[in-house]
Amino acid sequence: MGPLLLVLLYPLPCVLGLPFYNGFYYSNSPNGWNPGNGHGEGVFNGVKLVVETTEETLFSHRGANVTLPCRYHYEPALLSPRPVRVKWWKLSENGALEQDVLVAIGLRHRSFGDYRGRVRLRQDGEREVSLQIRDLRLEDSGRYRCEVIDGLEDESGLVELELRGVVFPYQHPWGRYQLNFLEAQRACAEQDAVVASFEQLFRAWEEGLDWCNAGWLQDASVQYPIARARQPCGGLGLAPGVRSYGPRSHRLHRYDAFCFAPALRGQVYYLEHPKKLTLAEAKEACQEDGAHIAKVGQLFAAWKFRGLDRCDAGWLADGSARYPVVRPRPNCGPLEPGVRSFGFPDPWSREYGVYCYRPR
């Protein structure tokens, strides 16, 4: 057997600490462990267990169904099938506990938490243990680990899932730097969004997002994206990029927030109305039209993915007034695409229309 020791066990009703009892213990190889980043492998008794996932980020959208690919095999190949235990879980993004998604042994499986009833193991091909998630939610975006356990050996790989969406900065109605981390999470949720991850903010910066105010991210760090270096935003000596203040106290420190809103399933539109409206009248007008007053995240998503282009400022659900511009033109704000903001006007003002949202 060489340096590897094979110990034959006497038949016992169970072996403490083993997921499966298969009659053998396998010694661990010092070179057989890999934390898993799309490919994991381990060696036992001269046979290598290999777990394979995709290295490319998977993109989908809210409400869709998606399959996170994962397969395993042995090198050299084993002729007879072996029982394995499969575990999927979602990695933490901000220091919270990792979230169990699904555990399976053979045809038996169990799902957990918000994934219960929405996930199943796809085992169409030989040694395929891909995870299927249906009716994707905003919180499903993130990194998932696929772990295969054979006796004492376990190997894993990572799959990253990202929902298509748009990142936007958000301030409290009272002004700049009013939100601690918990309040930032709540503020984004109220706008049909979540606090953005660093990866989402970085991708938005690559697409041209330029914002000089620092905001919370999903990992409780505070950062801001600069596409054009200038004195008030870190100085002229720094190259464009995503500036970081590092991690901050969840409760003590206060900043703005960067929110991430998914692609829309419904319709955002400017309500044609014979007169301008107060905030209360705007909400009522949308209801009378069979819709709801739109949220900030919904307006940004309509601008980004539906090409909503309107030069008329309208009320939104949070009490702000904004309008989306895809084609910049004279008398329609700055000469660049974006969602323009008038801040949070007096709710009794009759200077604005309203943007409504009708679910699909």
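Keep in mind it's a predicted model, so treat the numbers as computed, not measured. (Residues numbered from 1 in each chain as written. Predicted model: local features only at pLDDT ≥ 70, side-chain atom pairs only at ≥ 80, totals over all residues. Heavy atoms only, no water.)

If you tally the helices and strands in the chain, you get 4 helices and 26 strands. Excluding contacts between residues fewer than 6 apart, the proportion of contacts in the chain whose partners are at least 24 apart in sequence is 59%. (Helix = DSSP H or I, 4+ residues; strand = E, 2+ residues; numbered from the N terminus. Contact = heavy atoms within 4.5 Å.)

A separate point is the environment of glutamine 287. Mapped onto the elements, glutamine 287 comes out in helix α3 (residues 279-288). On the basis of relative accessible area, glutamine 287 is assigned to the exposed category, the value being 57%. Along the chain, glutamine 287 and arginine 358 lie 71 residues apart, while their C-alpha atoms are 9.7 Å from each other. (Buried < 20%, exposed > 50% of the residue type's maximum accessible area, 1.4 Å probe, protein only.)

With 92 residues, the main nonpolar core has Leu68, Trp88, Ile133, Val268, Val354 and Tyr355 as its most contacted residues. Considering every element that reaches this core, the biggest residue donor is helix α4 (residues 296-306), with 6 residues. If we skip the residues at most four places from it in the chain, valine 354 touches Tyr269, Tyr270, Leu271, Leu277, Ala282, Cys286, Ile293, Gly314 and Trp315. (Core = buried A, V, L, I, M, F, W, Y, C linked by side-chain atoms within 4.5 Å.)

Scanning the entire structure with this criterion turns up 15 aromatic pairs. Where tyrosine 72 meets tyrosine 74, the ring centres are 6.1 Å apart and the plane angle is 85°; that geometry is what we call edge-to-face. The buried category is assigned to tyrosine 72, whose relative accessible area is 9%. Judged by relative accessible area, which is 4%, tyrosine 74 ranks as buried. Between tyrosine 115 and tyrosine 144 the ring centres are 6.3 Å apart and the planes differ by 85°, which places this aromatic pair in the edge-to-face class. Linking tyrosine 115 in the loop between β10 (108-111) and β11 (119-122) with tyrosine 144 in strand β13 (residues 142-150), this pair joins segments that are 29 residues apart in sequence. Assigned by exposure class, tyrosine 115 and tyrosine 144 land together as buried. (Phe/Tyr/Trp six-rings, centres within 6.5 Å; stacked < 30°, edge-to-face > 60°.)

Pairing is antiparallel across the open sheet formed by 3 strands, whose spatial order is β6-β12-β11. Where the open sheet ends on each side, the last strands, each with one partner, are β6 (66-68) and β11. Ignoring which end each strand starts from, the neighbouring axes of this sheet average 30° apart. For β6 and strand β12 (residues 130-133), the ladder comprises 3 bridges, and the chain directions are antiparallel. Paired with threonine 67 across the two strands is glutamine 132, which belongs to β12. (Pairing = 2+ DSSP bridges. Axes fitted to C-alpha atoms, helices over the stretch in contact; angles between N-to-C directions.)

Another aspect to go through is the confidence of the model for the chain. Across the chain, the average pLDDT comes to 87, with 86% of residues at or above 70. Here residues 1-37 is modelled with pLDDT under 50, and outside its nearest four sequence neighbours on either side it reaches 66 contacts, counting other chains as well. (pLDDT = per-residue confidence, 0-100.)

Opposite charge on two side chains lets them pair, provided their charged atoms get close. Within the structure shown, the criterion is met by 20 salt bridges. In this structure, glutamate 75 engages lysine 48 in a salt bridge whose closest nitrogen and oxygen atoms are separated by 3.2 Å. Taken together, the residues glutamate 75 in strand β7 (residues 70-75) and lysine 48 in strand β4 (residues 47-53) connect sequence positions 27 residues apart. Owing to a relative accessible area of 36%, glutamate 75 belongs among the partly exposed residues under this scheme. (Salt bridge = Lys/Arg side-chain N within 4 Å of Asp/Glu carboxyl O.)

Further remarks concern helix α1 (residues 181-190). Within the span of α1, buried status applies to Phe181, Ala184, Ala187 and Cys188. Angularly, the buried residues of α1 cover 115° about the axis, an arc narrow enough to put them on a single face. Tucked inside the fold, the buried residues of α1 contact β15 (165-170), β16 (194-195), β17 (215-216) and β20 (256-262). One side-chain oxygen at the N-terminal end of α1 lies 3.1 Å from the backbone nitrogen of leucine 182; it belongs to asparagine 180. (Arc of directions from axis to C-beta. Polar contact = N/O pair within 3.5 Å; in protein donor to acceptor, adjacent residues only side chain to side chain.)

So, about the state of the cysteines. Within the structure shown, the criterion is met by 5 disulfides. Here cysteine 188 pairs with cysteine 259 through a disulfide, and the sulfurs are 2.0 Å apart. Where cysteine 188 bonds to cysteine 259 through sulfur, the torsion about that S-S bond is close to -80°, and the disulfide is left-handed. Of this pair, cysteine 188 sits in helix α1 while cysteine 259 sits in strand β20, placing them 71 residues apart in sequence. The buried category is assigned to cysteine 259, whose relative accessible area is 0%. Sulfur-sulfur distance for the disulfide between cysteine 311 and cysteine 332 comes to 2.1 Å. Placement of cysteine 311 in the loop between α4 and β23 (314-315) and of cysteine 332 in the loop between β24 (321-325) and β25 (338-341) is noted, with a sequence separation of 21 residues between them. Note on cysteine 311: relative accessible area 30%, which makes it partly exposed. The class of cysteine 332 is buried, set by a relative accessible area of 0%. Each disulfide in the chain links cysteines that, numbered along the sequence, combine into the pattern 1-2, 3-6, 4-5, 7-10, 8-9. (Disulfide = S-S within 2.5 Å.)

All right, on to the sheet that holds strand β14 (residues 153-163) then. Within a beta sheet, neighbouring strands are joined by backbone hydrogen bonds and run either parallel or antiparallel to one another. If you trace the 6 strands from one edge of the open sheet to the other, you get β5-β14-β13-β8-β9-β10, paired in mixed fashion. Here the strands that pair on one side only, and so sit at the sheet edges, are β5 (58-60) and β10. Within this sheet the neighbouring strands show an average axis-to-axis angle of 20°, counted without direction. Alignment of β5 against β14, held across 3 bridges, turns out to be parallel. Considered in β14, the bridge of serine 60 is made with leucine 163.

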